[in-house]
Amino acid sequence: MMINELNRKFGIEGHVSFQTGTGDLAKAVVTNQRASAEIYLHGAHVTSFQPHGSTPVLWLSDIAEYESEKAIRGGIPVIWPWFGPHPQDKTKPQHGFARVSEWELFDTTGLPDGRTRLRLQLKDNVATRTLWPHPFELELNITVGARLRIELTSRNTDQETVEIGGALHTYFNIGDITQITIEGLDGREYFDQLDSHRVKLQNGSISISEEVDRIYLDTVNECVITDPNLKRKIRVSAAGSRTTVIWNPWIDKSQRMADFPDEGYRTMVCIEATNAADDIYRVPPGGEHTLSQTISTEHI
Ligand code: BG6
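These notes cover the structure that comes with them. No experiment lies behind these values; they were computed from the predicted model shown.

## Side note on the side chain of Thr 116
Here comes step 1: Take Thr 116: it is sitting in strand 7 (residues 116-123).
Here comes step 2: A distance of 2.6 Å separates polar atoms of two side chains, one belonging to Thr 116 and the other to His 15.
Here comes step 3: In this structure Thr 116 touches His 15, Val 16, Val 30, Asn 32, Thr 109, Ile 142, Thr 143 and Val 144, once residues within four positions along its chain are discounted.

## Topic: the site of the ligand
Here comes step 1: Around the ligand sit Arg 73, Phe 83, Gln 94, His 95, Arg 99, His 169, Gln 193, Asp 213, Val 245, Trp 247, Lys 253 and Glu 272, and that is every residue in its neighbourhood.
Here comes step 2: Asp 213 has a polar side-chain atom sitting 2.5 Å from an oxygen atom of the ligand.
Here comes step 3: Between an oxygen atom of the ligand and a side-chain N or O atom of Lys 253, the distance comes to 2.8 Å.
Here comes step 4: Burial of the ligand by the surrounding chains reaches 87%, relative to a free accessible area of 400 Å².
Here comes step 5: Assessed atom by atom at 2 Å from the grid points, the ligand resides in the largest pocket.

## Observations concerning the pairing of strand 1 (residues 16-20)
Put simply, side chains in a regular strand alternate between the two faces of the sheet.
Here comes step 1: Where strand 1 and strand 2 (residues 26-31) come together, five bridges link them in antiparallel fashion. Residue Ser 17 lies in a different strand from strand 2, and its bridge partner there is Val 29.
Here comes step 2: Here strand 1 folds back onto strand 2 in antiparallel fashion, the turn holding five residues, of which Gly 23 has a positive phi close to 65 degrees.

## Some remarks on the environment of Asn 221
Here comes step 1: Residue placement: Asn 221 occurs in the loop between strand 15 (212-216) and strand 16 (223-227).
Here comes step 2: Remark: the alpha-carbon pair of Asn 221 and Gly 184, spanning 37 residues in sequence, is separated by 5.6 Å.

## Notes on the pattern of salt bridges
Any two side chains of opposite charge can pair if their charged atoms end up close together.
Here comes step 1: This model, assessed by the stated rule, comprises 20 salt bridges.
Here comes step 2: Notably, a salt bridge pairs Asp 192 with Lys 200, separated by 2.9 Å at the nearest N-O pair.
Here comes step 3: Relative accessible area serves as the criterion here: at 11%, Asp 192 is assigned to the buried category.
Here comes step 4: Two residues, Arg 242 and Asp 279, come together in a salt bridge whose shortest N-O distance is 3.6 Å. Of this pair, Arg 242 sits in the loop between strand 17 (232-239) and strand 18 (243-248) while Asp 279 sits in the loop between strand 19 (268-275) and strand 20 (281-283); the two residues are 37 residues apart in sequence, bridging distant segments of the chain.

## Concerning the sheet that holds strand 6 (residues 104-110)
Here comes step 1: What the eight strands build is an open sheet, ordered 6-7-8-9-21-17-16-12; its pairing is antiparallel. At either margin of the open sheet sits one strand with a lone partner, and together these are strand 6 and strand 12 (181-183). Averaged over all neighbouring strand pairs, the angle between strand axes comes to 15 degrees, with direction disregarded.
Here comes step 2: Of the strand pairs in this sheet, strand 8 (residues 136-144) and strand 9 (residues 148-156) are connected by nine bridges, and their pairing is antiparallel. Note that in strand 9 the partner of Phe 136 across the bridge is Asn 156.

## Examining the nonpolar core
Here comes step 1: Counting 78 residues, the largest nonpolar core has Trp 103, Ile 182, Ile 246 and Val 269 as its most contacted members.
Here comes step 2: Discounting residues that sit within four places of it in the chain, Ile 182 has contacts with Ser 205, Ile 206, Ile 208, Cys 223, Val 224, Ile 225, Ile 246, Val 269 and Ile 271.
Here comes step 3: Ranked by size, the runner-up nonpolar core spans five residues in total, among them Leu 25, Tyr 40, Ala 64 and Ile 72.

## Remarks on unusual backbone geometry
Here comes step 1: Cis geometry marks the peptide bond from Trp 80 to Pro 81, where omega comes out at 0 degrees.
Here comes step 2: Within the chain, Ser 196 stands out as a residue other than glycine whose phi angle is a positive 50 degrees.
Here comes step 3: Take Ser 196: it is sitting in the loop between strand 13 (189-192) and strand 14 (198-201).
Here comes step 4: Even without being glycine, Ala 277 reaches a positive phi, approximately 55 degrees.

## Digging into the packing of aromatic side chains
Here comes step 1: Tallying each qualifying case throughout the model produces 12 aromatic pairs.
Here comes step 2: Measuring from ring centre to ring centre gives 4.8 Å for Trp 80 and Phe 136, while their planes differ by 55 degrees; the resulting arrangement is tilted. Taken together, the residues Trp 80 in the loop between strand 5 (78-79) and strand 6 and Phe 136 in strand 8 connect sequence positions 56 residues apart.
Here comes step 3: Residue Trp 80 is classed as buried on the basis of its relative accessible area of 1%.
Here comes step 4: Overall, Phe 136 belongs to the buried group, its relative accessible area being 2%.
Here comes step 5: Ring centres 6.1 Å apart and planes at 80 degrees place the aromatic pair Trp 82 and Phe 97 in the edge-to-face group. You can see Trp 82 sitting in the loop between strand 5 and strand 6 and its partner Phe 97 sitting in the loop between strand 5 and strand 6, a full 15 residues away along the chain.
Here comes step 6: We classify Trp 82 as buried; its relative accessible area is 5%.
Here comes step 7: Accessibility expressed as a relative area gives 3% for Phe 97, which makes it buried.

Scoring rules and cut-offs
- Residues numbered from 1 in each chain as written.
- Predicted model: local features only at pLDDT ≥ 70, side-chain atom pairs only at ≥ 80, totals over all residues.
- Heavy atoms only, no water.
- Helix = DSSP H or I, 4+ residues; strand = E, 2+ residues; numbered from the N terminus.
- Polar contact = N/O pair within 3.5 Å; in protein donor to acceptor, adjacent residues only side chain to side chain.
- Contact = heavy atoms within 4.5 Å.
- Near = heavy atom within 4 Å.
- Areas by Shrake-Rupley, 256 points an atom, 1.4 Å probe, with all protein chains shown as cover.
- 1 Å grid on protein atoms, 1.4 Å probe; cavity = no way out; pocket = protein on both sides within 12 Å on 5 of 7 lines; lining within 4 Å.
- Sits in = over half its atoms within 2 Å of the grid points.
- Pairing = 2+ DSSP bridges.
- Salt bridge = Lys/Arg side-chain N within 4 Å of Asp/Glu carboxyl O.
- Buried < 20%, exposed > 50% of the residue type's maximum accessible area, 1.4 Å probe, protein only.
- Axes fitted to C-alpha atoms, helices over the stretch in contact; angles between N-to-C directions.
- Core = buried A, V, L, I, M, F, W, Y, C linked by side-chain atoms within 4.5 Å.
- Phe/Tyr/Trp six-rings, centres within 6.5 Å; stacked < 30°, edge-to-face > 60°.

Here is the structure:
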């Protein structure tokens, strides 16, 4: 859909308009009474969220690639229908195909309390069926207010049960990786993806001073980033998810990624509302599963 048509059909004064973003990709620009945000239709990818009076909450690479075949580096990539490498076929794209698919916007609403809601969908097509042989309907609801809420609903329109994994792979903007702590995972076991998936136990809050790539198990609590440099806490809660990934690529991996600045690891950390490991959903025909994440900030 062209930008003019998006504005005519879905633009709402005081809430949302549409523009051509980087790489000629269409984006929604939300500005309401409480916050601003940007969402690319490519990948249904939230690239920024900023409550008024706050510093940007999401980290976005300044050398991200905005191309139809690529995932935007930063913001909130939608990982679906598998997390990480494909379980059987390593030639298939890491983290599935939702983040590199063209989603269709089908509804925008200015809510009575001033928040703005966008609804996007992705259905199976020739390209998705070659990677994952199932019909499906995927819906992403994004609600922008003082908090950001993002809900991913997978509907199984197949005749058979399907297995669904994924993540809302959120990159948070932080002042200094060596100064933050992450609370909420104390006492949880995790798979250390950098140590042959060994199971380890988290003791206390998380501090980061090296590459970290962990799948925490049985996660039920809110995670809280305490960021003394930006003088805030970021609260991250999830539903429909019992696994949480914490990721920071640190020095060497940052240098290996073409779309990631060498120094980028200093000011980001991912806390991902995940369906992976023992938290893969078996969704029966006609059934659905919703994975969601809610993000808020608080001045300290
Ligand atoms: C994380 C994985 O979720 O995503 C990491 O746990 C991976 O192993 C990271 O490096 C980034 O993945 P990608 O495909 O966006 O480079």
